[in-house]
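Chain residues, written in single-letter form:
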Amino acid sequence: MRYISTRGQAPALTFEEAMLSGLARDGGLYVPETIPRMSGDDIRALHGLSYEETAFRVMRPFVGDGFTDEVFADLIAKAYAGFGHGARAPMVQLAPGHFLLELFHGPTLAFKDFAMQLIGQLFQEALERRGERVTIVGATSGDTGSAAIEAFKGLDNVDVFILFPHGRVSEVQRRQMTTPAEANVHALALDGHFDDCQARLKDMFNHFEFRDSVRLAGVNSINWARVLAQVVYYFSAAVSLGAPDRKVSFTVPTGNFGDIFAGYIAKKMGLPIDRLVVATNQNDILHRCLSTGDYKTSEVHPSISPSMDIQVSSNFERALFDAYGRDGAAVAQLMDELKAGGFKVSQGALEALREHFDSARVSEEDTLDTIRTAHATMGELLCPHSAVGVRVGEAQRDPATPMVTLATAHPAKFPDAVEKASGIRPPLPNRMADLYERPERVTRVRNDLAALETLIQERIAK
Ligand SMILES: *Cc1c(COP(=O)(O)O)cnc(C)c1O
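On a predicted model such as this, the values are computed, not experimentally measured, just so you know.

Draft legend 1. Structural view of the nonpolar core. Within the largest apolar cluster, 114 residues are counted, with the highest numbers of intra-cluster contacts made by Phe 15, Phe 123, Phe 152, Tyr 233, Tyr 234, Phe 235 and Phe 250. Top contributing element to this core by residue count: helix H10 (residues 224–240), with 13 residues. Contacts of Tyr 234, omitting those with residues within four sequence positions, involve Phe 250, Val 252, Asp 259, Ile 260, Ala 262, Gly 263, Ala 266, Leu 271, Ile 273, Leu 276 and Leu 406. Counting 17 residues, the second-largest nonpolar core is a separate cluster that includes Leu 190, Leu 201, Phe 205 and Ile 456.

Listed below in structure tokens is the structure:
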């Protein structure tokens with residue numbers, strides 16, 4: 001299995017190389033050259049398997065021979081051992097024909113643990129075999145950073161630095177980043193916004209001298225290995241509702257388009273998915289694009305579902321690549337236009353996208369209302385992101401096809417919004433009940449590239 005860039009100008013890589021490098025050298029994103037298919041019988045054979053066994057069968061054809069079967073199975077087992085629920089991704093019923101897939105039982109209480117825990121294991125194994133060491137630097141508005149720290153803490157061949165905007169993440173998110181005591185973890189509170197964190201990260205990747213000197217690696221959501229790990233729970237959910245002999249639809253609270261793109265891959269592999277519904281908050285660039293064809297950036301409006309507050313949805317590039325018939329030059333052209341503020345999707349490509357994706361936007365008021373009513377009538381306390389999904393899933397489901405809405409974070413990760421809507425302050429799960437008592441360790445940093453690079457170089461020299 002080889003991986004090619006969405007912009008057509010970078011060399012094809014193996015799974016392991018694509019995972020370790022993150023972004024392609026031409027600025028594009030890696031995608032598999034071909035998508036392996038699972039037959040109806042292959043899917044039927046998943047009935048009754050554990051999450052780990054399902055994960056092995058779904059991901060194996062993508063991974064190549066860098067990892068043996070035994071090693072890969074072992075890494076999967078380690079990745080999910082720390083989850084607080086035996087089913088890993090359990091499902092509850094909300095209403096007739098409407099189900100909630102709980103993706104928040106991992107160590108940092110958001111779905112990002114599914115991918116991050118696995119790539120932590122894959123990185124460690126690959127780096128050990130190669131005798132290499134890397135420096136992971138990530139920028140976060142909250143969930144990605146905590147998931148990355150939790151996944152990479154204590155690993156021998158990795159230092160992990162996470163930049164987050166000082167004073168602009170929730171207390172739970174901050175504490176999840178600042179309380180791990182392992183020496184290879186470095187939480188950096190930057191004086192600025194999330195966009196500043198992201199910009200400095202990009203600067204570091206473009207500063208080749210620095211990039212090579214510290215062996216910089218990226219684990220943000222454009223890393224293909226993260227998308228792949230998320231394909232698994234579409235299979236486990238659909239199979240438990242009767243796939244391959246029954247179609248299923250999914251509604252996904254969406255920001256960077258990584259999670260829902262994994263659903264699209266599951267569909268291309270042969271899973272009978274009917275609709276994939278993109279649910280956005282008031283930062284609705286994807287909904288506008290799928291409705292009108294105009295992909296135009298504007299300002300980010302901070303919301304109560306902050307993990308979906310984005311301007312540019314990076315993984316959408318992968319969907320565009322397919323919609324444009326895998327024409328890398330066409331995608332590169334669109335991304336150039338994006339630098340100047342936006343682009344228009346061609347009529348043919350828009351129709352191709354709409355064959356798979358629907359979309360809707362949810363206001364702040366309706367998000368709060370959904371948290372309130374879901375608690376009152378469905379017995380479910382939702383985080384604000386999941387509430388955006390449930391609002392859309394409930395409106396768009398059709399009686400003939402079960403709708404699964406993805407619950408992307410635990411309500412206790414966003415207690416203020418949940419309490420405001422429902423009057424209930426959700427407690428942290430027992431296994432992390434002492435989070436508020438653990439000592440914090442964080443370095444405050446200026447929004448200055450040279451100072452950041454010096455700090456990173458000094459820390460990893462120790
Ligand atoms: C990251 C995140 C999202 C958005 O997922 P994408 O893959 O970026 O679309 C939604 N909800 C929560 C809680 C998240 O952490």
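Draft legend 2. Layout of the sheet that holds strand S9 (residues 248–253). Taking strand neighbours across the sheet as the criterion, the 6 strands line up as S3-S4-S14-S9-S10-S13 in an open arrangement whose pairing is mixed. If you trace the sheet from one side to the other, it starts and ends with strand S3 (91–95) and strand S13 (357–361), each paired once. Across this sheet, the average inter-strand angle for adjacent strands is 25°, counted without regard to direction. Where strand S4 (residues 98–102) meets strand S14 (residues 403–407), 5 bridges bridge the pair, whose relative direction is parallel. Among the inter-strand pairings, Leu 100 is bridged to a residue of S14, identified as Thr 405. The strands touched by H10 are S3, S4, S9, strand S10 (273–280) and S14; relative to S9, the strand with the most contacts, the crossing angle is about 140°. Docked against the sheet, helix H12 (residues 285–292) engages S10 and S13, running at close to 125° with respect to S13.

Draft legend 3. Broad picture of the sheet that holds strand S15 (residues 443–445). One open sheet accounts for 5 strands, arranged S8-S5-S6-S7-S15; its pairing is parallel. What marks the edges here is a single partner per strand, and that holds for strand S8 (216–217) and S15. Contacting strand S5 (134–139), strand S6 (158–165), strand S7 (185–190) and S15, helix H19 (residues 449–461) runs over the sheet at an angle of about 150° to S6.

Draft legend 4. Region of the structure containing the pairing of S3. Relative to S4, S3 is paired through 4 bridges, and the arrangement is antiparallel. Its bridge partner being in S4, Val 92 is matched across the sheet by Leu 100. As consecutive antiparallel partners, S3 and S4 are separated by 2 residues, and within that stretch Gly 97 has a phi angle of approximately 75°, a positive value.

Draft legend 5. Quick peek at the site of the ligand. Lys 112, Asp 143, Gly 255, Asn 256 and Thr 408 are the nearest of the 15 residues found near the ligand. Side-chain polar atom of Lys 112 to an oxygen atom of the ligand: 2.5 Å apart, as the coordinates give it. Within the backbone of Gly 255, an N or O atom sits 2.8 Å from an oxygen atom of the ligand. Here the ligand, which alone exposes 380 Å², has 96% of that area covered by the protein. Residues belonging to the shell around the ligand are distributed by class as follows: 5 nonpolar, 7 polar and 3 charged.

Draft legend 6. The arrangement of the pattern of salt bridges in detail. Tallied over the full model, the rule gives 33 salt bridges. Across the pair Arg 130 and Glu 132 runs a salt bridge, and its minimum N-O distance is 3.9 Å. For Arg 391, the salt bridge goes to Asp 369, with nearest N and O atoms at 3.0 Å. One end of the pair, Arg 391, is in helix H17 (residues 384–396); the other, Asp 369, is in helix H16 (residues 364–378), with 22 residues separating them in the sequence. With relative accessibility at 25%, the residue Asp 369 sits in the partly exposed group. Each of Glu 16, Arg 129, Arg 130, Glu 132 and Arg 215 takes part in salt bridges that share partners, so that together they form one network.

Draft legend 7. Molecular detail of the packing of helix H13 (residues 316–323) against helix H15 (residues 347–354). Packing of H13 against H15 brings their axes to within 9 Å, and their N-to-C directions diverge by 115°. Between H13 and H15, the interaxial angle falls into the category roughly perpendicular. Our pair here, H13 against H15, has a crossing hand that is right-handed. Across the interface between the two elements, Phe 316, Ala 319, Leu 320 and Ala 323 of H13 pack against Ala 349, Ala 352 and Leu 353 of H15. Of the residues contributing to the contact of H13 with H15, the split by class is 7 nonpolar, no polar and no charged.

Draft legend 8. Structural view of helix H4 (residues 69–80). The end-to-end C-alpha separation of H4 is 17 Å, in line with the 16 Å expected for 12 residues at 1.5 Å each. Of all the residues in H4, the buried ones are Phe 72, Leu 75, Ile 76, Ala 79 and Tyr 80. Projected down its long axis, H4 shows its buried positions confined to an angular sector of 120°, all on one face. Taken together, the buried residues of H4 touch helix H3 (51–63), helix H5 (112–130) and H10.

Draft legend 9. Local environment of the environment of Gly 348. For Gly 348, the position within the fold is in helix H15. The sequence separation of Gly 348 and Leu 338 amounts to 10 residues, and the corresponding C-alpha distance is 19 Å.

Draft legend 10. How the structure looks around the environment of Val 392. Relative to the assigned elements, Val 392 resides in helix H17. In this structure Val 392 comes out as buried when scored by relative accessible area, which is 2%. With 139 residues separating them in the primary sequence, Val 392 and Pro 253 have C-alpha atoms 9.0 Å apart. The contacts of Val 392, once residues within four sequence positions are left out, are Thr 251, Val 277, Ala 279, Ala 360 and Val 362.

Draft legend 11. Up close: the packing of aromatic side chains. This structure, assessed with the given rule, holds 19 aromatic pairs. Taking the centre distance of 6.1 Å and the plane angle of 40° together, the rings of Phe 62 and Trp 224 count as tilted. One end of the pair, Phe 62, is in helix H3; the other, Trp 224, is in helix H10, with 162 residues separating them in the sequence. When the ring of Tyr 295 is compared with that of Phe 316, the centres are 5.6 Å apart and the planes differ by 10°; the resulting orientation is stacked.

Conventions we followed
- Residues numbered from 1 in each chain as written.
- Predicted model: local features only at pLDDT ≥ 70, side-chain atom pairs only at ≥ 80, totals over all residues.
- Heavy atoms only, no water.
- Core = buried A, V, L, I, M, F, W, Y, C linked by side-chain atoms within 4.5 Å.
- Buried < 20%, exposed > 50% of the residue type's maximum accessible area, 1.4 Å probe, protein only.
- Helix = DSSP H or I, 4+ residues; strand = E, 2+ residues; numbered from the N terminus.
- Contact = heavy atoms within 4.5 Å.
- Pairing = 2+ DSSP bridges.
- Axes fitted to C-alpha atoms, helices over the stretch in contact; angles between N-to-C directions.
- Near = heavy atom within 4 Å.
- Polar contact = N/O pair within 3.5 Å; in protein donor to acceptor, adjacent residues only side chain to side chain.
- Areas by Shrake-Rupley, 256 points an atom, 1.4 Å probe, with all protein chains shown as cover.
- Nonpolar A, V, L, I, M, F, W, Y, C, P; charged D, E, K, R; others polar.
- Salt bridge = Lys/Arg side-chain N within 4 Å of Asp/Glu carboxyl O.
- Parallel < 35°, antiparallel > 145°, perpendicular 65-115°, else oblique.
- Left-handed = near helix turned anticlockwise from the far one by under 90°.
- Expected span 1.5 Å × (residues − 1).
- Arc of directions from axis to C-beta.
- Phe/Tyr/Trp six-rings, centres within 6.5 Å; stacked < 30°, edge-to-face > 60°.

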